[in-house]
Amino acid sequence: MNVYDSRPHILVVDDEPLLRTLLAKGLESQDYLVAEAADGEQAIAACAEQSFDLVLMDVSMPVMDGFTAGARISQQWPHLPIIMLTGFDDIESVNNAFESGATDFITKPINLPLLWQRVRYALRSTSALKLSHAYHDQNTACRLARLGFWQLNTRSGQLNWSKDAHELIGLSQVPEKVQDLFSLLTEDQIQKMTALFMDSINNGSTLDTEIVVGQGQDLRYIRVMADNALDPHIISGAFQDITEQRTTEQQIAHLAEHDALTGLPKRRLLLSQLQERMNQHPPAPKWLVAAIDIHRLQRINDALGSDAGDQLLIMIAQRLTRILPRPRLLGRLEDDCFLVALPLGVAEEHCMEWLRSVLSPLEEPWLLGEQQVTLNFKVGVAIQDKENQADQLLQAAVRTQTTIISNGRMTLLANTTLPYEDQSANLLLESQLHGALEQDQFFLLYQPQQRLEDTCIVSVEALARWQHPEEGVISPDRFIPLLENMGLMPEFAEWVLRRACRQALQWQAEGNPLTIAVNISASQFADPQMVDTFVAICREEGCPPSLLEIEVTESMAMTNPLKAIEHFNALRANGFRIAIDDFGVGYSSIEYLLHFPHDVLKIDRKFVNGVVECAGSRAIVRAVTTFCDTMKITCLAEGVESARQRDYLDALGVGTIQGYLLSRPINAGEITQFIRRLHDTRYAKPEEPQTHADSI
Ligand code: C2E
Ligand code: CA
């Protein structure tokens, strides 16, 4: 059967082939499409396979009689009419036929003209039924699709709407005139609709646009479509409520730009918000961007479950929202990193203290159910430079944050590296660093350390430099982070240590048994093989470890204090000296130091700077020297630039100094000359040691 054939389809069921053929041919001649079945079972099978508009069913048949088959068919296809061909004109047989689901009957012998009439009648009621079903289906489809119809008479301005249109548009009643419709729209929308109506009237163009009606909760997005009807003064078409679709799209767009957990903007949105603010006229004060990392959030996830971790992130987002001054921007970057952008509220030199006090509520405990937890934060800070773009600022803050070695509740670090327009320059440097070791482009300078008691130079600090073929000498502050990032630190560190060993041996041979202090990096200190590597290198170079002092910053030691103690003990057991570098920067307390076996404590330049003017700095230096006296360790002040600073430090009990007052870092040959000159001066006339502040 051709599915596109629109002719009514009739199933003729009779066991007598002759009668069946006769009926089939007769029906075909009346322009019906006919199928045949020889008994009740075949009839049911045919109905299951094809769709019929009418069944003509004989009553007495083998296999399954017409009553049984009729009953089953009408049960399964209740709208399919069945005309029973009853053999007997008795009332019981007719009753049986109707009880079996027949809609009509005709007795045998069959009066064909009468049969055609009954068939036509039965089919007419089927098509009426079909039409009503189609209408019902169409209404259901329209309701589900939130679709309606409308018509505009362009001469009268009269609007006609399909049933329930007002519900779809979200109004108590539909607008009757085009002016009523316009009163619901914005000025822009009115102009657009007017132009579209005109285009449709004048050029017969199809109209397809979207309007927004209502406000707040009742806001509806309506798609309006229309074609110019046959009558040139009538525009008619459909409209559809697409609010759900638009709302979903908006939610998807929101989710794409916002963090699902905290609802805060993600990086991309925050960046564009910041750029917009930075471009504002008149320009705001400089912007400060802080990348706030929750140190070891994973530990909380492991201990209390990831739900607790999520809960904590939400609480942090809420607390940040509460404590940050306005105007401000706040976003979430990765799992455990938040981003804050604030216009600088204070002079630039005070911004770190200001930020610390703004963020200090984060240091208060967090309540997770019954459990109270405290968190450590690492905060990388970047401040807008005139040319800084938002993404450079953001990158600088994040990058700075990643270099922080946390200790204490909150460690803040300002971006001190070059502006990030230099990213491409850094990339170039990185590629060149690969060859720098092989091409022997690194060299060591040494900065003397003087014992105040007898003005002797007892030790030097080895400070690395990179002799770049084009750029000249590059500072370690610039290339050491790159080496760390590139994983090249082990090779470089080995080179430094070997070079220091050889130099120490040479000075020893020359009668200057100087200790050389060597800086080590965070990744070296984290390496469990560190001590073994050092011991092996010293053995290979034939250098007694006692000629070397390993400088470990306070922050490195505090990252994993237990591991640090293990390293320190092993280093000392092998004869190395240990210096705690940059003491005071990491905000750890002196009590902590009691647990770290060490030989030298280097007071950070920050306190030395303040020692003349600031009583607080003096108090700290005093506390440190008392501690060093008690523990019988050397107290060294770094960054000493003036004789006044030296005198104060001396008075406060500092034993050794290092800094520009004595000498900038110089090469090995110059150190030898420096010591000789100092020796000569000392024994010629007792004067101030000569300052070599301009020697490099
Ligand atoms: P640091 O260990 O704090 O080294 C002291 C820095 O202060 C040196 O900078 C030194 O030149 C500078 N300095 C010395 N005296 C004064 C002074 O009186 N005033 C001022 N304003 N500065 C003074 P440098 O040589 O640029 O080294 C910077 C940092 O690079 C070092 O800081 C150290 O952390 C790192 N570094 C240097 N060499 C190596 C190395 O071989 N290996 C590793 N891992 N790091 C190194
Ligand atoms: Ca150092």
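Everything numeric in this text was worked out from a predicted model, so none of it was measured.

What counts and how
Position labels on residues start from 1 in each chain and follow its written sequence. A letter from A marks each chain and a number from 1 marks each ligand, given out in the order of writing. In keeping with the model being predicted, local features are shown solely for residues with a pLDDT of at least 70 and side-chain atom pairs are shown and tallied solely at 80 or more, while totals for entire chains, interfaces and linings include all residues. Side-chain metrics rest on all non-hydrogen atoms present in the structure, leaving aside hydrogens and water. For Na, K and Ca the donor cutoff is 3.2 Å, while for all other metals N, O and S atoms must lie within 2.8 Å; water is not among the atoms, so some sites may look incomplete. Only runs of H or I of at least four residues qualify as helices and only runs of E of at least two qualify as strands under DSSP, and these elements are numbered from the N terminus. Any residue under 20% of the maximum accessible area for its type is buried, any over 50% is exposed, and the rest in between are partly exposed; the area is computed with a 1.4 Å probe on protein chains only. Buried and open spaces are told apart on a 1 Å grid over the protein atoms alone, a cavity being a set of points where a 1.4 Å probe fits but cannot get out and a pocket being an open set with protein on both sides within 12 Å along at least five of seven lines. Residues with an atom within 4 Å of a point are the lining residues. Grid points are joined across faces, edges and corners, and a volume is the space filled by probe spheres set on the points. Residue type decides the class: Asp, Glu, Lys and Arg count as charged, Ala, Val, Leu, Ile, Met, Phe, Trp, Tyr, Cys and Pro as nonpolar, and the leftover types, Gly among them, as polar. For this purpose, a residue is taken to be near a molecule or strand whenever a single non-hydrogen atom of the residue falls within 4 Å of it. Whenever two N or O atoms come within 3.5 Å, that pair is a polar contact, provided that in protein one can donate a hydrogen and the other can accept it, and provided that, for residues adjacent in sequence, both atoms are side-chain atoms. A 1.4 Å probe and the Shrake-Rupley method give the accessible areas. Residues count as covered only by the protein chains that appear here. Only the contacting stretch of a helix is used when fitting its axis, a line to C-alpha atoms as for every element, and angles between N-to-C directions run 0 to 180 degrees. Every angle not falling under 35 degrees, over 145, or within 65 to 115 is termed oblique; those three ranges are roughly parallel, roughly antiparallel and roughly perpendicular. The contact rule is simple, with two residues in contact once any of their heavy atoms fall within 4.5 Å. Pairs of strands are assigned from DSSP output, requiring at least two bridges between the strands. Pairing of aromatic side chains requires ring centres within 6.5 Å, counting the rings of Phe and Tyr and the six-membered ring of Trp. Pairs whose planes differ by under 30 degrees are stacked, by over 60 edge-to-face, and all others tilted. Two conditions define a charge sitting above a ring: the NZ of Lys or the CZ of Arg must be within 6 Å of the ring centre, and it must be within 35 degrees of the ring normal.

### With respect to the coordination of the calcium ion (ligand 2)
Piece 1. Ligation of the calcium ion (ligand 2) by protein atoms is provided by Glu 461 (OE), Asn 519 (OD1), Glu 551 (OE) and Asp 581 (OD), these donors lying 2.1 to 2.4 Å from the ion.
Piece 2. Taken in chain order, the donor set of the calcium ion (ligand 2) reads E-x57-N-x31-E-x29-D. One end of the pair, Asn 519, is in strand 21 (residues 515-519); the other, Glu 551, is in strand 22 (residues 548-553), with 32 residues separating them in the sequence.
Piece 3. Judged by relative accessible area, Glu 551 falls into the buried class, the value being 1%.

### Remarks on empty space enclosed by the protein
Piece 1. Within this structure, the stated rule accounts for 2 cavities of 30 Å³ or more.
Piece 2. Along the wall of the largest cavity there are 14 residues; nearest its centre are Trp 161, Leu 181, Ile 211, Val 224 and Phe 239.
Piece 3. Of all elements in the fold, only helix 8 (187-203), strand 8 (207-213) and strand 9 (220-228) reach the threshold of two or more residues within the lining of the largest cavity.
Piece 4. When its residues are assigned to classes, the lining of the largest cavity shows 14 nonpolar, no polar and no charged.

### Concerning the site of ligand 1
Piece 1. Near ligand 1 there are 22 residues, and of these Gln 447, Arg 465, Arg 605, Glu 641 and Tyr 660 occur at the shortest range.
Piece 2. With respect to ligand 1, the backbone of Ala 464 contributes an N or O atom lying 3.0 Å from a nitrogen atom.
Piece 3. In this structure, Tyr 660 approaches ligand 1 through a main-chain N or O atom, which is 2.8 Å from an oxygen atom.
Piece 4. Protein burial of ligand 1: of its 810 Å² of free accessible surface, 84% is covered by the chains.
Piece 5. Only strand 19 (457-468), helix 16 (476-486), helix 17 (489-509) and strand 23 (577-583) provide two or more residues apiece to the shell around ligand 1.
Piece 6. Tallied by class, residues from the shell around ligand 1 come to 10 nonpolar, 5 polar and 7 charged.

### Here we look at the packing of helix 11 (residues 297-304) against helix 12 (residues 306-323)
Piece 1. Between helix 11 and helix 12, whose axes approach to 6 Å, the crossing angle comes to 135 degrees. Judged on the interaxial angle alone, helix 12 and helix 11 are oblique. Residues Leu 297, Ile 300, Asn 301 and Leu 304 of helix 11 form the contact with helix 12, whose participating residues are Ser 306, Ala 308, Gly 309, Leu 312 and Leu 313.
Piece 2. Class assignment of the residues belonging to the contact of helix 11 with helix 12 gives a composition of 6 nonpolar, 3 polar and no charged.

### Brief notes about the sheet that holds strand 12 (residues 329-332)
Piece 1. Overall, mixed pairing links the 5 strands, which are arranged 12-13-11-16-17 in an open sheet. Only two strands of the sheet have a single neighbouring strand rather than two, namely strand 12 and strand 17 (410-414). On average, adjacent strands in this sheet sit at an angle of 20 degrees to one another, irrespective of strand direction.
Piece 2. In this structure, strand 12 lies alongside strand 13 (residues 337-343), joined through 4 bridges in antiparallel fashion. Paired with Arg 332 across the strands is Phe 338, a residue of strand 13.

### Overview of the layout of surface pockets
Piece 1. Space inside the second largest pocket adds up to approximately 390 Å³.
Piece 2. The wall of the second largest pocket is formed by 14 residues, among which Asn 139, Cys 142, Leu 147, Lys 163 and Asp 164 lie closest to the centre.
Piece 3. Those elements giving two or more residues to the lining of the second largest pocket turn out to be helix 5 (112-145), strand 6 (147-153) and helix 6 (165-169).
Piece 4. Considering each element in turn, the lining of the second largest pocket owes the most residues, 5 residues, to helix 5.

### Side note on the side chain of Ser 200
Piece 1. With respect to the helices, strands and loops of the structure, Ser 200 is situated in helix 8.
Piece 2. Assessed through its relative accessible area of 0%, Ser 200 is described here as buried.
Piece 3. One polar contact links the side chain of Ser 200 to the main-chain carbonyl oxygen of Ser 205, over a distance of 3.4 Å.

### Examining the packing of aromatic side chains
Piece 1. If you walk through the whole model with that rule in mind, you get 15 aromatic pairs.
Piece 2. For the ring pair Phe 479 and Phe 492, a centre distance of 5.8 Å and an interplane angle of 75 degrees mean the geometry is edge-to-face. Taken together, the positions of Phe 479 in helix 16 and Phe 492 in helix 17 put the pair 13 residues apart, joining distant regions of the chain.
Piece 3. Take Phe 492: its relative accessible area is 3%, and that puts it in the buried class.
Piece 4. On the basis of an interplanar angle of 25 degrees and a centroid distance of 6.3 Å, the ring pair of Phe 492 and Trp 495 is categorised as stacked. Residue Phe 492 and its partner Trp 495 are both found in helix 17; the two are separated by 3 residues, about one turn of the helix.
Piece 5. An aromatic cluster is present here, built from Phe 442, Trp 466, Phe 479, Phe 492 and Trp 495 joined pairwise through their rings.
Piece 6. In this structure, Arg 319 is placed above the aromatic ring of Trp 366, and the distance from its NZ or CZ to the ring centre is 3.5 Å.
Piece 7. For the cation-ring pair, Arg 664 lies above Tyr 660, with the distance from its terminal atom to the ring centre recorded as 4.1 Å.

### So, the environment of Asp 227
Piece 1. Mapped onto the secondary structure, Asp 227 falls in strand 9.
Piece 2. Note on Asp 227: relative accessible area 42%, which makes it partly exposed.
Piece 3. Linking Asp 227 and Leu 271, residues 44 residues apart in sequence, is a C-alpha distance of 45 Å.

### Details of the sheet that holds strand 5 (residues 104-107)
Piece 1. Taken together, 5 strands build an open sheet; the order of strands is 2-1-3-4-5 and the sheet is parallel. If you trace the sheet from one side to the other, it starts and ends with strand 2 (33-37) and strand 5, each paired once. In this sheet, neighbouring strand axes are inclined to one another by 20 degrees on average, regardless of whether the strands run parallel or antiparallel.
Piece 2. By the bridge criterion, 4 bridges tie strand 1 (residues 9-13) to strand 3 (residues 54-58) in an arrangement that is parallel. Looking at strand 3, one finds that Val 13 is bridged to Met 57.
Piece 3. Set on the sheet, helix 1 (residues 17-29) makes contact with strand 1, strand 2, strand 3 and strand 4 (82-86); between it and strand 2 the angle comes to about 170 degrees.
Piece 4. Here helix 3 (residues 66-76) sits on the sheet and contacts strand 3 and strand 4; the angle it forms with strand 4, its principal contact strand, is near 175 degrees.

All quantities given are derived from atomic positions and should not be read as evidence of function.
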